[in-house]
Amino acid sequence: MMDKKDKAERLLDSIGNIDDSLIDEAIGYKAARRVNLYRFGLMAACIALVFVIAVASPLLRKLAEVGNGGAQGGENNNGVVENTDKNEGNEDEVGNDRLGTYMLSIRDSIEGYDVYPSAENLSYVGQTSLVWRYADSDEVYVATLSSKQLGELKEAMGSGKEVGEVSPELDCYVWIVDGQGAVVSPYLKDGAGNEGCVIFDYEAEIIPDEEFVECVSEILK
């Protein structure tokens, strides 16, 4: 029976007899395996990074939108951003003020109409007129109306979409002077605009409908 010393010597002899090519092949295998593990780890890290970006991007975008909304509006107790614009609830009415849009479109090409520095220079009695003033000016424009045109305007006015609790800011104020002591506006409900022989300021109650806008455009074209 071999003792430990004999076994050790036999093991060393066996190792010494191993072919050098086999040793080189084993060393290469370990190095290749180490390289493959490194590549696998790098690939896994890249996949994880892509996943994190995909998950985090929508959240970051949402936070940015909330931040922008907070700069433009208020926030209630539930953390919901609210629009604090004074025309809240009236965006539809403002966007569909076709009469104001039309009056602005002709502003730079107005010809053949009387222009007064203010409404104080107007003659109300005996003269039927379509009168308008742009919100950024005191000048008043006057287009004389025939009896037929006056009748058409009166028939077309008084209807339209009612505004909300807060009246929209108008770009142009419009009145009709009937020559008999009545001054009315298409932005007010039926009968509400009669203030005698005076051009007056007002807050819009309705937005004139397309029929009235077409009637005005026919007169002013």
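Residues numbered from 1 in each chain as written. Predicted model: local features only at pLDDT ≥ 70, side-chain atom pairs only at ≥ 80, totals over all residues. Heavy atoms only, no water.

Undergrad: Residue-level account of the nonpolar core, with values.
TA: Ranked by size, the top nonpolar core spans 44 residues in total, and within it M103, L130, W132, L153, I199, V216 and L220 carry the most contacts. Those elements that place two or more of their residues in this core are α4 (98–105), β4 (129–134), β5 (140–144), α5 (147–156), β7 (172–177), β8 (183–184) and α6 (210–220). Those residues within four positions of L153 in sequence are excluded, and the remaining contacts are L130, L145, I176, F212, C215, V216 and I219. (Core = buried A, V, L, I, M, F, W, Y, C linked by side-chain atoms within 4.5 Å. Buried < 20%, exposed > 50% of the residue type's maximum accessible area, 1.4 Å probe, protein only. Helix = DSSP H or I, 4+ residues; strand = E, 2+ residues; numbered from the N terminus. Contact = heavy atoms within 4.5 Å.)

Undergrad: Can you explain the environment of D97? Please cite residues and give values.
TA: For D97, the location among the structural elements is in the loop between α3 (91–95) and α4. Its relative accessible area of 8% is what places D97 among the buried residues. Along the backbone, D97 and Y187 are 90 residues apart, and their C-alpha atoms lie at a distance of 9.9 Å. Separated by 3.1 Å, the side chain of D97 and the backbone nitrogen of G100 make a polar contact. (Polar contact = N/O pair within 3.5 Å; in protein donor to acceptor, adjacent residues only side chain to side chain.)

Undergrad: Provide a residue-level description of the pairing of β7, including the pertinent values.
TA: Burial analysis of β7 places six of its six residues in the buried class, the great majority of the element. A two-sided burial pattern is seen for β7, the buried positions comprising C172, V174 and I176 on one face and Y173, W175 and V177 on the other. Of the strand pairs in this sheet, β7 and β8 are connected by two bridges, and their pairing is antiparallel. Of the residues in β8, the one forming a bridge with V177 is V183. Linking β7 to β8, which pair antiparallel, is a turn of five residues; within it G179 sits at a positive phi near 80°. (Pairing = 2+ DSSP bridges.)

Undergrad: Help me get a handle on empty space enclosed by the protein, residues and values and all.
TA: Over the atoms rolls a probe the size of a water molecule, and its path tells where empty space is left. Per the stated rule, a full pass over the model turns up one cavity of 30 Å³ or more. Computed from the structure, the largest cavity encloses a volume of approximately 50 Å³. What lines the largest cavity is Y116, L122, S123, Y124, Q127, S129, V142 and V177. Residues that form the lining of the largest cavity fall into these classes: five nonpolar, three polar and no charged. (1 Å grid on protein atoms, 1.4 Å probe; cavity = no way out; pocket = protein on both sides within 12 Å on 5 of 7 lines; lining within 4 Å. Points joined across faces, edges and corners; volume = space filled by probe spheres on them. Nonpolar A, V, L, I, M, F, W, Y, C, P; charged D, E, K, R; others polar.)

Undergrad: Could you give an account of the environment of D190, naming the residues involved and the relevant values?
TA: Its location among the elements puts D190 in the loop between β8 and β9 (206–208). When the C-alpha positions of D190 and S159 are compared, they lie 7.9 Å apart, and in sequence the two are 31 residues distant. Once residues within four sequence positions are removed from consideration, D190 is found in contact with M157 and G158.

Undergrad: Which residues make up the pattern of salt bridges, and what are the values?
TA: Within the structure shown, the criterion is met by six salt bridges. Two residues, R107 and D136, come together in a salt bridge whose shortest N-O distance is 2.9 Å. One end of the pair, R107, is in the loop between α4 and β3 (114–116); the other, D136, is in the loop between β4 and β5, with 29 residues separating them in the sequence. (Salt bridge = Lys/Arg side-chain N within 4 Å of Asp/Glu carboxyl O.)

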